[in-house]
Amino acid sequence: MAAAAGSGNTLSREVLKWVQSLDLAYSVKNAKRDFSNGFLVAEIFSRYYDKDVQMHSFDNGHSVASKKDNWAQLLKFFAKRNVLPAGEPVTQATVDAIVHCRDGAAVAFINSVYELLSGRRVQKPPEPPAGDPLPAFAKPTASTVLRDSLMDPDMQTTDHSVAEAKMKEKLEAHEADLQTQRLEDPARFAPRDRMSSKVLRGSARTVGAEESKQSVTVKRVNVKTVDAANVAQLRATKEIAAHSARAGMSVTSGSRSVLAMGGDGDPAAMAAAMAAAAVPSAVDVLNEVVMRELAGRDVVHTFDPRKPACLSFVDAVRGMDDFPDDLTAQVVDGFGARAGDLADACAVRPKDFWSVVAVFTPLAVVLPEASPGFAAVTDAYCALGRAMVAKDSSSAAAGNAQALFEDFALPKLCTLLRTHAEKRAALVRVVYSFAGPDVEAHTQAIRSLQTTLDHLPTLMLCMVHCAHNETALALADEHLLDLYLYYCMIGMGMSSPSIRAASVGMLAVILAAKPEMGRRMLDRVAALQDDTWWETRAQVLVVCATLLREVPADDGDGMADRATEIATAVLAAASPPVARVGLAYLAPCLEAHDALVQPFVAALLALPGSVRENLLLAGDAGAPDALVDSGAAAAFHLQPVTNAWPALAVARALAATVAAEGLQNLDVEHFDVLVAALRGAAFNGGTSPGGTDEWLDVFDQLKGFVVVALCDPVCAESAVSVLRTFTFNTERGPSVLEADVRKSAVLGSLIIMHNGSDADGHCRTCAREFLSEVASQGGDFADAVRELLSRFRDGKPDLYAKSPLKAVGDDVGV
C-alpha cells in the first residue's frame, strides 16, 4: 500500500482529533503500538459500518495470535465491502508491518483510512531541514542490527535456516558499511595514545599544615509551648484570618473590621466573605465529632497534639490492630450525621473538601469491606455527596460538588476500584452520590470513571454497578442507554469471564427499564448460555427472569417463549451456584409463565440438600436478602423462593414428575418441596392461590408415597407433616385415615415399622405422636384412630402388645 502523508510514528493533529471524536474505548498514546492488534481499527470501522463490524468478535489482546485473528476478520470485511484505503486493497504485507510495529506503517494506514472515511486529505507536514549526520556513538552496532532484524516481519518464519541466512546477510551488510566508514573517516578508527594525556594537579601541600577554620556559634532557639487544648482553636483562627485577608477583611479577637483593598470594596463580596468566615471549617466539624464520640476513652491520649483530632483518629484506626470496629463505625456515623455542616463548609471553602477526603478515603482503604466501619464510611461519603448536590441545586454553582469530587476524591478511590473488587459496589454508589439527578451528570460520572481509571477491564466491572444506580427514568434517555449498550456489547465479547458476567448483569438492568430491547439482545444472551464461567450463566438466568417479569406469556412476538427456552436450557445443566441464583430470580415468574414450572421443580430437586433448604426457608416478603457468594462482577440478592412461587402449581409439577419418572417412593428432596409448597396453601394459612379441592387432588396422587414414607427414618417426620396438614386443615379430616385403613396402607406401614425395620425407633415415635394428636381431637378423629389400632391388634396381637401404640389404643378404648 502506498504510504499516505505522515509516514512517521506520530499522528497529525488533524487525524488525532478525528480519532478522538469517535470516542474509542482506548485513547491513542503510541500509534504504532495501539493500532498493531487491529482492535481500535475495527472500532473505527464499527462507527461507519455498525452492521458489518461487531466489536464482540474482536479481542483487545497483544499476543501474535490475537493480532492475526483480528486482522484476519478485518481483511474479510475489507474484501466483502470493497474497502480500499489509499485506493488499493489492504495487503498481507501491510498488515504484517502494522502487526510487528514497523516504523511508519500504522500511521500511514490510519492516514489512508482517515482519507477514505472522512473524504478529506491529510495535510503533509513540511520536510524537516537536513540535519547533521549521526555522531559516531549514535550509529548502529552489530547487536542493534540483530535486534532490529528480529522485529522485522520477514523474520517471522518457522524455517530457522532461512532466518539464520537473513541475519547473516544483515550482519555482512553492517560489516560492509563499517568498511566504508573506515575509508571515509580513518581518524575515527585510528588507535589513540592514552599515555600522552596529562593530569592536572593542584599545588603541593605540607601534611599537618591545615588552614585554620573559622569558629561558628549556634544560637539556642527557644520554643514556646502551646497548650494542646488550644491547638485546634488556634488553627481555626488562622484559617479564618487568612480567608478574611483574601476577601479584604481583617479579623481581630474582639470584632471584624472590613478594610478596603486599594479603595472601596465590593459590598457583596465582603458580605460573602464575612458569611464564609462565620461557617465552621470542615476540620472543626470533624474534630468536634471525634472528641465527642471518643470522650473518656484512652485512645484520645495517644493523639498527636500537632495534628487535628480527626487525622489522629485516622492514624489510630490505621496503626492499631485492636482498634474496635464498632467504635470506628460510631465515630464515622457521627461524620455522616454532620454531612450538612460539612457541605456548608465545602461550599464556602472548596479546600475544606480536600480535608474531608483526607479523612474519609484512608478509612475506606484500610477498613475491611465486610466491616461496619467500611459501611459507615461509604454511607457518610454518600450523605456528604447528597448534601453537596442539594447545596448546588439551591445556588448557581450547579455541578460544583461533582467537580470537587472528581478533582480530589475520585483519583484516590479509583485505586481502590482497581485493586478491591469487593468494594466496587459501595464505591460506585459514592461516585453517583456526588452526581446530580439529571442524565448529564450521570453521563459525566461515567466519563470521569473512564478517564481516571484508564483501565477498560476495571471500567467494565464498574459499569454493572453504575447501571444498578440508574433509575428507570434515566435509562429511558436514548444517549445514556446507548452508552450502556455500547459497553455491554463490548464486554459480552471479551475473553475475561468476569467482564462477560458483568456485561450480562448490566443488560439485566437495562431490560428492566426497556424490556422491548430484549428482541434484539436475546440471541446474544443465548450465545452465552453454555459459558464456562458460572457467574455468566447465572446472569443469563437473571436476564431471562427480568424479561419474563415484564413481558406477558402471550406477548405476540415470541420474546417470552425465547426467554423461557433459554432459562430451561441453562437450568437443565446448572451447577448448584447457578441454579440457586436462577431459581431465586425465576420464582416470581412461574405464575405468569407456567411452562417454566416443570424445569424449575426439576432444578430444585437436583440441588444439594443444604442449598435447597436455604431456598425453601419460610420467610416474609420483606425478609432481608440472603447473599450468595458474590462473583467478580456483582453480588446476587436472593430471597426464599417460597415468598414468590405459586405453591399449587409447584405441587402439581412435583406430582407429575413423580409419575413421569415411575418412582417407587419419595426421597428427601421430594418431601422438602412438598412440605414447603403446603406452607403456602391458602387452607394452611398461606397466600398462594388454589382451592382445597385442587390440593386434595395433588394429595390423592401422592398419598400412597406419603404413607409408605412413614417407614423411612429419613422421611417419616416429613410424611407425618403432610398427613397432619390434610387431616386437620381440610374437610376430609379423619377420612384421610379411614380411606387408607380400608386399603390397609397405614396399617401395613405400622406393621412394617414395628417388625424390626425401624432400628432406632424414630418412625414408631413419629407415628405414635401423630395418632395421639389425632385422637386428642375426639369425635370422628378418635373413632378413626380406634378403628386403625383395633385392626392392628387383631392382625398382629404380639406386635401390638409390645408397641408404643398400645398406650394410644388404651386411651381411645381399643
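Novice: Honestly, the overall build of the chain in this entry has me stumped. Any pointers?
Specialist: From N to C terminus, the chain includes 40 helices and four strands. Within the chain, the proportion of its 814 residues that are buried is 45%. At a minimum sequence separation of 6, the contacts of the chain that also span at least 24 residues come to 70%. Only carbon and sulfur atoms are counted for the fraction: they give 53% of the accessible area of the chain, which is about 41500 Å².

Novice: Help me understand the pattern of salt bridges, please; the structure alone is not making it clear to me.
Specialist: It is possible for side chains of opposite charge to pair when their charged atoms get near one another. All chains considered together, the criterion is met by 26 salt bridges. Notably, a salt bridge pairs Glu 115 with Arg 121, separated by 3.2 Å at the nearest N-O pair. With a shortest N-O distance of 3.2 Å, Glu 293 and Arg 292 are connected by a salt bridge. Through salt bridges that share partners, Asp 52, Lys 80 and Arg 81 make up one connected network.

Novice: How should the packing of helix H31 (residues 647-661) against helix H32 (residues 668-679) be read in this particular structure?
Specialist: When two helices pack together, their arrangement is given by the angle between their axes and by how far apart the axes lie. Contact geometry for H31 and H32: axes closest at 9 Å, N-to-C directions at 155°. By the criterion of interaxial angle, the relationship of H31 to H32 is roughly antiparallel. For the element pair H31 and H32, the recorded crossing hand is left-handed. Only His 670, Val 673, Leu 674 and Ala 677 of H32 make contact with H31, whose side of the interface consists of Ala 647, Val 650, Ala 651, Leu 654 and Val 658. Looking at the contact of H31 with H32 residue by residue, the class counts come to eight nonpolar, one polar and no charged.

Novice: Looking at this structure, how should I read helix H29 (residues 597-605)?
Specialist: One turn of the α-helix equals 3.6 residues, which is why residues spaced by three or four share an orientation. Buried residues dominate H29, accounting for seven of its nine residues. Of the residues making up H29, those classed as buried are Val 597, Pro 599, Phe 600, Val 601, Ala 603, Leu 604 and Leu 605. Elements in contact with the buried residues of H29: helix H27 (559-572), helix H28 (576-586), helix H30 (609-615), H31 and H32.

Novice: Hey, could you run me through the nonpolar core in this one?
Specialist: A general tendency of soluble globular proteins is for nonpolar side chains to be buried together. Core analysis: the largest hydrophobic core is formed by 244 residues, its most contacted members being Phe 313, Tyr 484 and Trp 645. In terms of residue count, the dominant contributor to this core is helix H23 (residues 478-492) (eleven residues). Residues within four places of Phe 313 in sequence aside, it is in contact with Val 290, Leu 294, Phe 303, Phe 323, Thr 328, Val 331, Val 332, Phe 335 and Leu 363.

Novice: Before we go on, may I ask you to explain unusual backbone geometry in this structure?
Specialist: As a rule of thumb, non-glycine residues mostly have phi less than zero, and peptide bonds are mostly trans rather than cis. Its identity is not glycine, yet Asn 82 carries a phi of approximately 55°, on the positive side. The phi torsion at Cys 101 lies on the positive side, around 60°, for a residue other than glycine. Mapping Cys 101 onto the fold places it in the loop between helix H5 (92-99) and helix H6 (105-118).

Novice: Explain the confidence of the model for the chain here, please?
Specialist: Low-confidence regions, as indicated by low pLDDT, have predicted coordinates that should not be scrutinised in detail. Looking at the chain as a whole, its pLDDT mean stands at 81, while 80% of the residues score no less than 70. Confidence drops under pLDDT 50 across residues 227-234; counting only partners more than four residues distant or on other chains, this segment forms four contacts. Counted against residues more than four places away or in other chains, residues 243-264, with its pLDDT under 50, gives 29 contacts.

Novice: Whenever I open this one, the packing of H31 against helix H33 (residues 692-708) confuses me. Can you help?
Specialist: At a minimum axis distance of 10 Å, the contact between H31 and H33 shows a crossing angle of 30°. As H31 runs across H33, the sense of the crossing is left-handed. Counted together, Ala 647, Leu 648, Ala 651, Arg 652, Ala 655 and Val 658 of H31 and Glu 694, Trp 695, Val 698, Gln 701, Leu 702 and Phe 705 of H33 form the full contact between these two elements. Taken together, the residues of the contact of H31 with H33 sort by class into nine nonpolar, one polar and two charged.

Novice: I'm lost on the side chain of Gln 181 in this one. Help?
Specialist: Residue position: Gln 181 is located in helix H8 (residues 160-184). There is a polar contact of 2.8 Å between the side chain of Gln 181 and the side chain of Asp 177. With near-sequence residues (within four places) excluded, Gln 181 lies in contact with Lys 139, Arg 188 and Phe 189.

Novice: Is there a simple way to explain H33 in this structure?
Specialist: The end-to-end C-alpha distance of H33, which contains 17 residues, comes to 23 Å, matching closely the 24 Å that a straight helix rising 1.5 Å per residue would cover. For H33, the principal kink sits at Leu 702 and spans about 55°. Among the residues of H33, those classed as buried are Trp 695, Leu 696, Val 698, Phe 699, Leu 702, Lys 703, Phe 705, Val 706 and Val 707.

Novice: Please clarify how the environment of Asp 561 should be interpreted in this entry.
Specialist: Inspection of the secondary structure puts Asp 561 in helix H27. Owing to a relative accessible area of 53%, Asp 561 belongs among the exposed residues under this scheme. Sequence separation between Asp 561 and His 593 is 32 residues; the distance between their C-alpha atoms is 9.0 Å.

Novice: Even after reading the chapter, I still don't get the packing of aromatic side chains, so can you show me in this structure?
Specialist: Where two aromatic rings form a pair, the distance of their centres and the angle of their planes describe that pair. With the rule as written, the count across this model stands at 24 aromatic pairs. Relative to Phe 434, the ring of Tyr 381 lies with its centre 6.2 Å away and its plane at 80°, an arrangement referred to as edge-to-face. Here Tyr 381, found in helix H17 (residues 372-393), pairs with Phe 434, found in the loop between helix H19 (424-433) and helix H20 (439-453); they are 53 residues apart in sequence, far enough to count as distant. Given a relative accessible area of 1%, Phe 434 falls into the buried group. With a centroid separation of 5.7 Å and 80° between ring planes, the pair formed by Phe 792 and Tyr 800 is classed as edge-to-face. Considered together, Phe 792 and Tyr 800 belong to a single accessibility category, that of buried residues.

Novice: Which parts of the structure should I look at to understand the side chain of Arg 338?
Specialist: You can see Arg 338 is positioned in the loop between helix H14 (325-337) and helix H15 (339-348). Among the residues examined, Arg 338 registers a relative accessible area of 18% and is labelled buried. In this structure Arg 338 touches Val 285, Glu 288, Val 289 and Arg 292, once residues within four positions along its chain are discounted.

Parameters at a glance
The numbers attached to residues start from 1 for each chain and follow its sequence in the written order. Reporting in this predicted model follows two pLDDT cut-offs: at least 70 for local features of residues, and 80 or more for side-chain atom pairs to be given and counted; totals over whole chains, interfaces and linings ignore these cut-offs and use all residues. The basis for every side-chain value is the complete set of heavy atoms in the structure, and neither hydrogens nor water enter the calculation. Runs of E in the DSSP output that reach at least two residues are strands. Runs of H or I that reach at least four are helices, and both are numbered from the N terminus. Type-normalised accessible area, obtained with a 1.4 Å probe on protein chains alone, sets the label of each residue: buried when under 20%, exposed when over 50%, and partly exposed for intermediate values. It only takes one pair of heavy atoms within 4.5 Å for two residues to be counted as in contact. In these tables, accessible area is a Shrake-Rupley quantity obtained with a 1.4 Å probe, and a residue counts as shielded only by the protein chains included in the view. Salt-bridge detection follows one rule: a side-chain nitrogen of Lys or Arg within 4 Å of a carboxyl oxygen of Asp or Glu. A fitted line through C-alpha atoms represents every axis, and for helices the fit uses only the stretch in contact; the resulting angles, taken between N-to-C directions, go from 0 to 180 degrees. Angle categories: roughly parallel below 35 degrees, roughly antiparallel above 145, roughly perpendicular from 65 to 115, and oblique for all the rest. Crossing handedness follows the turn of the near helix against the far one: under a right angle anticlockwise gives a left-handed crossing, and clockwise gives a right-handed one. When residues are grouped by polarity, Ala, Val, Leu, Ile, Met, Phe, Trp, Tyr, Cys and Pro land in nonpolar, Asp, Glu, Lys and Arg in charged, and all others, Gly among them, in polar. The definition of a nonpolar core used throughout is a set of buried Ala, Val, Leu, Ile, Met, Phe, Trp, Tyr and Cys residues joined through side-chain atoms within 4.5 Å. Per-residue confidence from the predictor is reported as pLDDT, a score between 0 and 100. The definition of a polar contact used here is a pair of N or O atoms within 3.5 Å, where within protein one atom must be able to donate a hydrogen and the other to accept one, and adjacent residues in sequence count solely through side-chain atom pairs. Here, expected helix span is obtained from the residue count minus one, scaled by 1.5 Å. One axis fitted to the seven residues ending at a residue, another fitted to the seven starting there: the angle between these axes is the bend at that residue. Pairing of aromatic rings covers Phe, Tyr and Trp, the last through its six-membered ring, and needs centres within 6.5 Å; plane angles under 30 degrees mean stacked, over 60 mean edge-to-face, and all others mean tilted.

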